[in-house]
Amino acid sequence: VACPENNTYEVDALMSDRTAHICVRCGGQFSLTLRTGELARIGYASLQPGQWGRFRGLPVHLEAIEALQSLGVTTMRQGGTFELNANMDWRRQRGPVWMRPSSVDGNWYHADVSGWGMFEMVDLATAMGIMPIITTYFKIEPGEYADLVEYCWGNASTKWGALRVADGHPEPYQVKHFE
């Protein structure tokens, strides 16, 4: 499926594993035509400014964070306590962004973008010096909350702490509020 804007770009830079975006006009499809004329489907792609336009190396535009800081924002919350769909299951939001499932689903029929999840929000809130709040889906069980807390705070000797370290985040996530 072609995007209505039918944009064409030459790719000559290294790709990053830190960002993602879904096109709201074409449902996120991105295709690449090879010089041989064959079609290659791309499952994960992202375009971001260089370090000059990002906040502390994170996949967030610097101007957006400067606007939040100018407003005096002290808390950031992401998730969906009233989300009935398991798209908001925290386990679907961990690991490399290109390996996470994206979908258009849920109560509000919104796009669940694999490249920005609750743990990217926690990294952003921490970098901003504000309090992160993780919320998850409506049907989470108490044991799943315990696993989430262990993923955030556990050391490498715990099951979920070891997975966090393997996911590339050796330090605990500084989350004190969960919904």
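Going by the structure above, here's the rest.
Source: prediction; values computed, not measured. (Residues numbered from 1 in each chain as written. Predicted model: local features only at pLDDT ≥ 70, side-chain atom pairs only at ≥ 80, totals over all residues. Heavy atoms only, no water.)

The next thing to look at is the overall build of the protein. If you tally the helices and strands in the protein, you get four helices and seven strands. When the helices and strands of the protein are listed from N to C terminus, the series reads β-β-α-β-β-β-α-β-α-α-β. Counting all 179 residues of the protein, 35% fall into the buried class. Sequence separation of at least 24 residues holds for 56% of the intrachain contacts in the protein that already meet a minimum separation of 6. Carbon together with sulfur atoms contributes 57% to the accessible area of the protein, which is approximately 11,100 Å² in total. (Helix = DSSP H or I, 4+ residues; strand = E, 2+ residues; numbered from the N terminus. Buried < 20%, exposed > 50% of the residue type's maximum accessible area, 1.4 Å probe, protein only. Contact = heavy atoms within 4.5 Å. Areas by Shrake-Rupley, 256 points an atom, 1.4 Å probe, with all protein chains shown as cover.)

Attention now moves to the nonpolar core. Judged by nonpolar contacts, the single largest core of 25 residues is most densely connected at W90, F119, L124 and I134. Secondary-structure elements contributing two or more residues to this core are α2 (118-128) and α3 (142-153). Top contributing element to this core by residue count: α2, with eight residues. Those residues within four positions of W90 in sequence are excluded, and the remaining contacts are M118, F119, T136, I140, E144, D147, L148, Y151 and W160. (Core = buried A, V, L, I, M, F, W, Y, C linked by side-chain atoms within 4.5 Å.)

Moving on, we come to α2. Within α2, ten of the eleven residues are buried, which leaves it mostly tucked inside the rest of the structure. Every buried residue belonging to α2 is among M118, F119, E120, M121, V122, D123, L124, A125, A127 and M128, and all of these are buried. Along its buried surface, α2 packs onto α1 (62-70), β3 (75-78), β6 (131-134) and α3. Two residues or fewer after α2 comes G129, characterised by a positive phi angle close to 75 degrees.

Here we come to the packing of aromatic side chains. Counted by the stated rule, this structure contains six aromatic pairs. Plain terms: the ring middles of W90 and Y151 are 5.4 Å apart, the flat faces sit at 45 degrees to each other, and that makes the pair tilted. One end of the pair, W90, is in the loop between β3 and β4 (103-105); the other, Y151, is in helix α3, with 61 residues separating them in the sequence. A residue is classified by how much of its surface remains accessible, and W90, at 0% relative accessible area, is buried. Three or more aromatic residues link up through ring pairs in this structure, and these residues are W90, F119, Y151, W160 and Y173. (Phe/Tyr/Trp six-rings, centres within 6.5 Å; stacked < 30°, edge-to-face > 60°.)

Strand order in this open sheet of three strands is β3-β6-β7, and the pairing throughout is parallel. What marks the edges here is a single partner per strand, and that holds for β3 and β7 (177-178). Judged from the four bridges that link them, β3 and β6 form a sheet pairing that is parallel. Across the sheet, the residue bridging to M76 is P132, located in β6. (Pairing = 2+ DSSP bridges.)

This brings us to the pattern of salt bridges. Under the definition given, this model contains three salt bridges. We note a salt bridge from R77 to E179, for which the minimum N-O separation is 2.9 Å. In this pair, R77 sits in strand β3 while E179 sits in the segment after β7, placing the two residues 102 residues apart along the sequence. According to the relative accessible area criterion, R77 is partly exposed, its value standing at 45%. Here R94 ties to D167 by a salt bridge, and the two come within 2.8 Å at their closest N and O atoms. In this pair, R94 is assigned in the loop between β3 and β4 and D167 in the loop between α4 (159-166) and β7, connecting sequence segments 73 residues apart. Relative accessible area serves as the criterion here: at 23%, D167 is assigned to the partly exposed category. (Salt bridge = Lys/Arg side-chain N within 4 Å of Asp/Glu carboxyl O.)

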